[in-house]
Amino acid sequence: MATENGEFSFNSSVRGRNGLPKIQTHKKAEDVETDKEICHDDSAQPVKAQTLDELHSLQKKKSAPTTPLTATQGPFAEEDRQKQQLQSISDSALKFTHILYNLSPAELYEQAIKYEKGSFITSSGALATLSGAKTGRSPRDKRVVKDETTADDLWWGKGSPNIEMDEHTFLVNRERAVDYLCSLEKVFVNDQFLNWDPEHRIKVRIVSARAYHSVYAQHECIRPTPEELENFGTPDFTIYNAGQFPCNRYTHYMTSSTSIDLNLARREMVILGTQYAGEMKKGLFSVMHYLMPKRQILSLHSGCNMGKDGDVALFFGLSGTGKTTLSTDHNRYLIGDDEHCWSDNGVSNIEGVAMQILENVVFDEHTREVEYSDKSVTENTRAAYPIEFIPNAKIPCVGPHPKNVILLACDAFGVLPPVSKLSLAQTMYHFISGYTALVAGTEDGIKEPTATFSACFGAAFIMLHPTKYAAMLAEKMQKHGATGWLVNTGWSGGSYGSGSRIKLAYTRKIIDAIHSGALLEANYTKTEIFGLEIPTEIEGVPSEILDPANTWSDRNAYKDTLLKLGGLFKKNFEVFLNYKIGADNNLTEEILAAGPNF
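Along every chain, residues carry numbers that run from 1 in the direction the sequence is written. For this predicted model, a pLDDT threshold of at least 70 governs which residues receive local features, and a threshold of 80 or more governs which side-chain atom pairs are given and counted, while totals over whole chains, interfaces and linings are taken from all residues. Processing note: side-chain calculations cover all non-hydrogen atoms of the structure and skip hydrogens and water entirely.

Enquirer: Lay out the pattern of salt bridges in plain terms, naming residues and giving numbers.
Expert: Here, a salt bridge means any Lys or Arg side-chain nitrogen found within 4 Å of an Asp or Glu carboxyl oxygen. A complete count under the given rule lists 18 salt bridges for this structure. A salt bridge links Lys294 to Asp153; the nearest nitrogen and oxygen atoms lie 3.0 Å apart. One end of the pair, Lys294, is in the loop between helix H9 (278-291) and strand S13 (298-301); the other, Asp153, is in helix H5 (residues 150-153), with 141 residues separating them in the sequence. Relative accessible area serves as the criterion here: at 48%, Lys294 is assigned to the partly exposed category. Relative accessibility under 20% of the residue-type maximum defines a buried residue, over 50% an exposed one, and the middle range a partly exposed one, all with a 1.4 Å probe and only protein chains included. Asp153 sits in the partly exposed class, given a relative accessible area of 23%. A run of H or I in DSSP becomes a helix once it reaches four residues, and a run of E becomes a strand once it reaches two; helices and strands are each numbered from the N terminus.

And the structure:
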């Protein structure tokens, strides 16, 4: 089977893991023809330059990286073009600053290398740069304007990631950001899209002070074609990234010199006091979590891939659960690994990146070889690159409705089964819970599992109450016949320290059985406490590990640990008990009943 652009195919004669045909890449026909047309004769004409300056001017082919004006001709076209650009950045007061509008990656590299200290070209040709004092997101400094609309729409209070601010404070910070941008000799402006589904995409404009942020924005978002830029018009959302300049700590609602502010009514975001580029990525993801449900589209923090027969699977999971590892399967097409939408058209990737810019990495001073394992700057390094760089990426990044919804948990307590088939209510319960367990080390060497819960597997980014997203997920699963699964990639035979990590090879066999549909045909038994349905056998997986009760040598210790984890689930879910969906509380009660029962 080949994709629409003919670049990839499944070769049945070349077998990969589990006997599945491997995806192979092929040159496009036009690329082959181009190769044939290349003449390698070196008897070229002399360079038409008398000086080095002339030579450099010839090296850079003249082009217009800005929005073209089809109706404007004559000697004043460029002047009119600049006026249009300035006018399109409404109310930003940036007309006194040189605007570098939609520069190419190469031009942005030049700007970064020349003007931004700490920017280098690595041995692979990627741009390596630093994000300053902040090497990660600052969730406690993120604010959302609470007004007449958002007061009722958004999730506020205990457990919510949404910290309120008023309109006046937002405008104070906005003016501070814009004034700072206006004080610079130049700013960078990018026009981008979010969502690969053209029917539901969002137009985004990002105004930033650093070339690094502009490059990052190009990789994170979907890059418009020159024709789309020409007709881009007014953006649906605008970011003013003045992260090099702090907010005033004495301004109302501020708790530090950093502030990331969302105003959903104005469709604007302001960044002050942090240069970490991920604030733009996750800020826009939060915006999608608000705008998409209003269109009856479910926004998801998930991986997504598609088989050769068009079967789509969603993968949810927190850090360390294997979401990226399992969703980037060389036997399947990758739609995306992080952010998606599920509409009436099917699924679509929100981003243009799969998660080449290298953020906060360490490299050799002379060879520029990157030391990816070096954590001298931070453990939270990042590499961003276009998804087209991945050989088996599905371009465009869209697919049909999912057949399987896979919730991943790395259970370090060792009491969850390697795989469980979930009812719709159980899927909603575990989706809202967003569970995994981490192994926390203490200074005296004692290590024990620590439960971590993140609503909808992305609590930091959701805007509405988690049950609203869960209800939409269940509705779409029921409508399109999708099955929910809970897959434990953590421990078996005991908790961390006594048991062992479930082998990745076994987990891959489980995922393969889900993709193929074989697991739907298996025989099932039900576990105690969590009431999970577990298969009695899976090809390639030892049957004795499928029921965790059989893997513990101490049955009493197993039961105590199971009850402990069940109690942690119940305690975490208390924050959701008082929220009603619809006129009655039936759905909330149904979800609650699908959790641990003891």
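Enquirer: Let's hear about unusual backbone geometry: which residues, and what values?
Expert: A cis amide bond links Ile395 to the next residue, Pro396, at an omega of -5°. Inspection of the secondary structure puts Pro396 in the loop between strand S22 (382-384) and strand S23 (398-399). Even without being a glycine, Asn102 presents a positive backbone phi close to 50°. Note that Asn102 resides in the loop between strand S3 (98-101) and helix H4 (105-115). You will see that Gln296, though not glycine, has its phi angle at about 65°, which is positive. As for its position among the elements, Gln296 is in the loop between H9 and S13.

Enquirer: Go over the nonpolar core with me, naming the residues and quoting the values.
Expert: Residues belong to one nonpolar core when they are buried, are Ala, Val, Leu, Ile, Met, Phe, Trp, Tyr or Cys, and are joined through side-chain atoms within 4.5 Å. Trp342 and Phe431 are the most contacted members of the largest nonpolar core, which has 108 residues in total. Of all the elements, H9 adds the most residues to this core, at seven residues. Not counting chain neighbours up to four residues away, the residues in contact with Trp342 comprise Ile297, Leu298, Leu300, Leu314, Val347, His401, Pro402, Leu473, Lys476, Met477, His480 and Ala482. Of all hydrophobic cores here, the second largest spans 19 residues; its members include Ile99, Leu181, Val187 and Ala242. Should any heavy atoms of two residues lie within 4.5 Å, those residues are counted as being in contact.

Enquirer: Outline the side chain of Thr122, listing residues and values.
Expert: Take Thr122: it is sitting in the loop between strand S4 (120-121) and strand S5 (127-129). Once residues within four sequence positions are removed from consideration, Thr122 is found in contact with Ala128, Leu358, Arg368 and Val370.

Enquirer: So, the packing of helix H11 (residues 424-433) against helix H12 (residues 466-480): which residues are in play, and what are the values?
Expert: Between H11 and H12, whose axes approach to 9 Å, the crossing angle comes to 145°. Crossing geometry of H11 relative to H12 is assigned as right-handed. In contact with Leu424, Thr427, Met428, Phe431 and Ile432 of H11, H12 contributes Pro466, Thr467, Tyr469, Ala470, Ala471, Leu473, Ala474, Met477 and Gln478. Three classes are used, and their members are as follows: Ala, Val, Leu, Ile, Met, Phe, Trp, Tyr, Cys and Pro are nonpolar, Asp, Glu, Lys and Arg are charged, and the others, Gly among them, are polar. By residue class, the composition of the contact of H11 with H12 is 11 nonpolar, three polar and no charged. As a rule, the C-alpha atoms of each element are fitted with a line to give its axis, helices using only the stretch in contact, and angles between N-to-C directions run from 0 to 180 degrees. Should the near helix be turned anticlockwise from the far one by less than a right angle, the crossing is termed left-handed; should it be turned clockwise, right-handed.

Enquirer: Please set out the sheet that holds S13 residue by residue, giving values where relevant.
Expert: Whenever strands of a sheet pair, they do so through backbone hydrogen bonds, lying parallel or antiparallel. Note on pairing: two strands pair once DSSP finds at least 2 bridges between them. Across the sheet, four strands lie side by side as S13-S17-S18-S23; this open sheet has antiparallel pairing. In this open sheet, the two strands that pair with only one neighbour each are S13 and S23. Both S13 and strand S17 (residues 339-343) contribute to a ladder of four bridges, which runs antiparallel. Its bridge partner lying in S17, His301 is registered against Glu339.

Enquirer: Give a description of the packing of H11 against helix H14 (residues 555-573) that names residues and reports values.
Expert: Two numbers describe how H11 lies on H14: the axes approach to 10 Å, and their chain directions differ by 80°. Comparing their axes, H14 and H11 come out roughly perpendicular. Contacts from Tyr429, His430, Ile432 and Ser433 of H11 reach H14 at Phe569, Lys570, Asn572 and Phe573. Taken together, the residues that form the contact of H11 with H14 break down as four nonpolar, three polar and one charged. Orientation is classified from the angle alone, with under 35 degrees giving roughly parallel, over 145 giving roughly antiparallel, 65 to 115 giving roughly perpendicular, and any other angle giving oblique.

Take it as geometry only, folks, not as evidence of what the structure does.
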